[in-house]
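Here is how the chains run, residue by residue.
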Amino acid sequence: MTERNSTIGKSTIGRIRQDFPILHQKVRGKPLAYLDNAATSQKPKQVIEALSRYYGVENSNIHRGVYYLSEQATAAYEAARVKAQRFLNAGSPSEVIFVRGTTEAINLVASSYGRLLLEPGDEVVISGMEHHSNIVPWQMLCESVGAKLCVAPIDDSGSLIVSEYEKLLGPRTKAVALVHVSNSLGTINDVKYLVGLAKKKSAVVLIDGAQAAPHMPIDVQDIGCDFYTISGHKMYGPTGIGVLYGRLELLEAMPPYQGGGEMIRSVTFEKTIYAPPPAKFEAGTPHIAGAIGMGVAIDYLQQLGWDFVHEREELLLRYALERLETVPGIRIIGSATSRASVVSFTLDGIHAHDIGTIVDQEGVAIRTGHHCTQPVMDFFGVPATARASFAFYNTAEEVDILVNALMEAREVFGR
Ligand code: PLP
């Protein structure tokens, strides 16, 4: 990759990297090359400053106080909800529930809507490339109600076999839960098309957008899904905050997930009347600073623009693939035509954890393990992979450092 191939100059990237303080440090005596963005992305100073400002001058509990600070904090929290609504193109702020992240969002839907919806013998369809967060909650639900979990298979490129998925959709399919972008393979699913197929069978559809939100515009109305989940920390925002989008009609029908303060209209010892959504699903004091920080991360992404993000990440992906393929003994896992900037790989005769440890000596942070997708590892017959995942702030030099470190790993292991 050269910046010559791109309309984005080195100076632009240099300027953007200045927004991310963490990137300018040495680890183990080497400049940090942070290539684990699919696990969590780094935070721009705009987000860090928003968190600090919140705790420094705005901190107070929301929706409760009649005093100035509480009004300020409430307004900032609700403004973040509107930002998330626009980010997802949800129909109204009431369709945006703040949760801890994608995992909590899926658990909320599976345990609340799932229990309302499923009867013994019903079916839930997922795919073979799901993150554990989009497997286990459905498995727990199916076990508890006597429903069946059906898995649409993937092929050797790591793509969903759409014809098999379609075959699984039947009169007993009540819910479908699919990942938008796979965290271990990078595969981008055509979710609008897949939702359309499920809708022909009147299934309720949840899309796990944890890995899509950092990379591409999302329009839940255009996709046509009923639920969509995102995690703030994967899209340059704080940890411990995320969003569940749900169609209002369904949110209104669903029982609450947790009981407590804030989610009620009135309480007596005999009966509680619940607040309407979104409050119905936000029991207790929420992660106020997190929501505000996530709103600032959304602003940041929108100021960069999706064209910029896409061009930059596509360039990094192509360059990384080209360079990694030159490493003897490498096996790249996942080659879907439509993919995000994630590359999983193995090196002949070297365990993924050893790869991770050796490249760490060169300042390179990559993920190693099963990436919470053990069924994907089983499918490809590997115990684990190493995974490099790129954000717009990464550079060609960082890819080169990774490749050189992999060459070193081969030498260390006498390969
Ligand atoms: N789904 C996918 C595709 C993911 O990559 C992840 C996290 O890696 C999750 C779900 C879980 O997200 P969180 O840990 O933010 O709840």
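The structure displayed is predicted, hence computed values, not measured ones.

Criteria and thresholds
- Along each chain, residue indices are assigned from 1 in the same order as the chain's sequence is written.
- Where local features are concerned, this predicted model is filtered to residues with pLDDT of at least 70; where side-chain atom pairs are given and counted, the filter is 80 or more; whole-chain, interface and lining totals use all residues.
- By convention in this description, side-chain values take in all heavy atoms of the structure and omit both hydrogens and water.
- For the purposes of this entry, the term helix denotes a DSSP run of H or I that reaches at least four residues, the term strand denotes a run of E that reaches at least two, and both are numbered from the N terminus.
- Computation of the radius of gyration draws on C-alpha atoms alone. For the globule rule, the value is 2.2 Å times the number of residues to the power 0.38.
- Between buried and exposed lies partly exposed: a residue is buried under 20% and exposed over 50% of the maximum accessible area for its type, with that area taken using a 1.4 Å probe on protein chains only.
- When charges are tallied, Lys and Arg are placed among the positive residues and Asp and Glu among the negative ones, while His and the ends of the chain are skipped.
- Only one rule defines a salt bridge in this text: a Lys or Arg side-chain nitrogen within 4 Å of an Asp or Glu carboxyl oxygen.
- In the analysis that follows, any N or O atom pair within 3.5 Å is treated as a polar contact, provided that within protein one partner can donate a hydrogen and the other can accept it, and provided that, for residues neighboring in sequence, both atoms belong to side chains.
- Here a patch means residues that are over 30% exposed by relative accessible area and free of salt bridges, tied together within 9 Å if like-charged and within 5 Å if nonpolar (Val, Leu, Ile, Met, Phe, Trp, Tyr).
- Surface accessibility follows the Shrake-Rupley procedure with a 1.4 Å probe radius. Residue values consider only the protein chains on display as shielding.
- It suffices for a single heavy atom of a residue to lie within 4 Å of a molecule or strand for the residue to be listed as near it.
- Residues are sorted three ways: Asp, Glu, Lys and Arg are charged, Ala, Val, Leu, Ile, Met, Phe, Trp, Tyr, Cys and Pro are nonpolar, and all the rest, Gly among them, are polar.
- Take the buried residues of types Ala, Val, Leu, Ile, Met, Phe, Trp, Tyr and Cys, join any two whose side-chain atoms come within 4.5 Å, and each joined set is a nonpolar core.
- Should any heavy atoms of two residues lie within 4.5 Å, those residues are counted as being in contact.
- The domain boundaries here were taken from an automatic or database domain assignment.
- Here the quantity called buried area is the total loss of accessible area, with a 1.4 Å probe, experienced by two parts when brought into contact, counted for both.
- We treat two strands as partners when DSSP finds at least two bridges between them.
- Note on definitions: angles span 0 to 180 degrees between N-to-C directions of axes, and those axes are lines fitted to C-alpha atoms, for helices only across the stretch in contact.

Chemist: Is there a simple way to think about the overall build of the protein chain in this case?
Modeler: For the protein chain, the count of helices and strands is 14 helices and 17 strands. Computed over C-alpha atoms, the radius of gyration of the protein chain comes to 22 Å, within 12% of the 22 Å expected from 2.2 N^0.38 for 415 residues, which places it in the range of a compact globule. Taken along its principal axes, the extent of the C-alpha atoms in the protein chain is 70 × 55 × 35 Å. When each of the 415 residues of the protein chain is scored for burial, the buried share is 56%.

Chemist: Would you mind showing me how to read the side chain of E130 here?
Modeler: Along the polypeptide, E130 turns up in the loop between β5 (123–127) and α5 (136–145). For the buried residue E130, which engages in no salt bridge, the nearest side chain bearing the opposite charge is K234, 13 Å off. Within polar-contact distance, the side chain of E130 engages the backbone nitrogen of V179 at 3.0 Å.

Chemist: Looking at this structure, I do not really get a nonpolar patch on the surface. What am I missing?
Modeler: Taken together, the side chains of Y67, Y68 and L69 make up a nonpolar region of the molecular surface, amounting to roughly 330 Å² of accessible area. The residue Y67 is located in the loop between α2 (45–58) and α3 (68–88) in this model.

Chemist: Can you walk me through the site of the ligand in this structure?
Modeler: As a matter of local geometry, the ligand sits amid 13 residues, with T103, D208, Q211, S231 and K234 nearest to it. A distance of 2.6 Å is found between a nitrogen atom of the ligand and a side-chain nitrogen or oxygen belonging to D208. Between the ligand and the protein, one listed contact pairs an oxygen atom with a side-chain N or O atom of H233 at 2.8 Å. The class makeup of the residues in the shell around the ligand is 2 nonpolar, 9 polar and 2 charged.

Chemist: Help me understand the nonpolar core in this model?
Modeler: Soluble globular proteins: nonpolar side chains tend toward being buried together. Counting 78 residues, the largest nonpolar core has F87, Y165, Y228 and F392 as the members making the most contacts within it. When residues in this core are grouped by element, the largest group, 11 residues, is from helix α10 (residues 288–304). Discounting chain neighbours no more than four positions away, the residues touching Y165 are V125, A152, L160, V176, L178, L194, L197 and A198.

Chemist: Whenever I open this one, the domain arrangement of the protein chain confuses me. Can you help?
Modeler: How large an interface is tends to be reported as the accessible area lost when its parts come together. With domains assigned, the protein chain is organised as domain 1 (3–31 + 305–412) and domain 2 (48–302). Here domain 1 and domain 2 have C-alpha centroids that lie 29 Å from each other. At the interface, 33 residues of domain 1 touch 30 residues of domain 2. For the pair domain 1 and domain 2, the two sides together bury roughly 2500 Å², of which 61% comes from carbon and sulfur. Contact with domain 2 buries surface across domain 1, with W306, C372 and F379 losing the most and accounting together for 25% of the total. Remark: the boundary between domain 1 and domain 2 carries 0 salt bridges.

Chemist: Would you take a moment to explain the environment of Y228 for this structure?
Modeler: Tracing the backbone shows Y228 in strand β9 (residues 227–231). We classify Y228 as buried; its relative accessible area is 0%. With 18 residues separating them along the chain, Y228 and G246 place their C-alpha atoms 6.7 Å apart. In this structure Y228 touches L88, H180, I207, G209, A212, I218, V220, I223, V243, L244 and Y245, once residues within four positions along its chain are discounted. A polar side-chain atom of Y228 sits 2.7 Å from a polar atom in the side chain of H180.

Chemist: Is there a simple way to explain the sheet that holds strand β14 (residues 342–347) in this structure?
Modeler: By definition, the strands of a sheet pair up through backbone hydrogen bonds, in either a parallel or an antiparallel sense. Strands sit in the order β13-β14-β17-β16 across an open sheet of 4 strands; the sheet is antiparallel. Two strands bound the open sheet, and with one partner strand each, they are β13 (330–333) and β16 (367–369). Direction aside, neighbouring strands of the sheet carry axes that sit 30 degrees apart on average. As defined by bridge partners, β14 adjoins strand β17 (residues 385–389) across 4 bridges and the pair is classed as antiparallel. Looking across to β17, one finds that V343 is bridged to A388. In the packing of helix α11 (residues 306–324) onto the sheet, the strands contacted are β13 and β14, and the crossing angle to β14 comes to about 10 degrees.

Chemist: I would appreciate a short explanation of the side chain of S182 in the present structure.
Modeler: Assignment of secondary structure puts S182 in the loop between β7 (173–179) and α7 (191–200). The exposure class assigned to S182 is buried, which follows from its relative accessible area of 0%. Within the local environment of S182, its side chain forms a polar contact with the backbone nitrogen of S184, the two atoms lying 3.3 Å apart.

Chemist: Help me out: how do you make sense of the sheet that holds strand β6 (residues 148–152) in this one?
Modeler: One open sheet holds the 7 strands; their spatial order is β4-β10-β9-β8-β7-β5-β6, and the pairing between them is mixed. The two strands at the open ends of the sheet, each matched to only one other strand, are β4 (96–99) and β6. Going across the sheet, the axis of each strand differs from the next one's by a mean of 20 degrees, ignoring polarity. Together, β4, β7, β8 (204–208), β9 and β10 (242–246) form the strand contacts of helix α4 (residues 102–117), whose direction differs from that of β9 by roughly 160 degrees.

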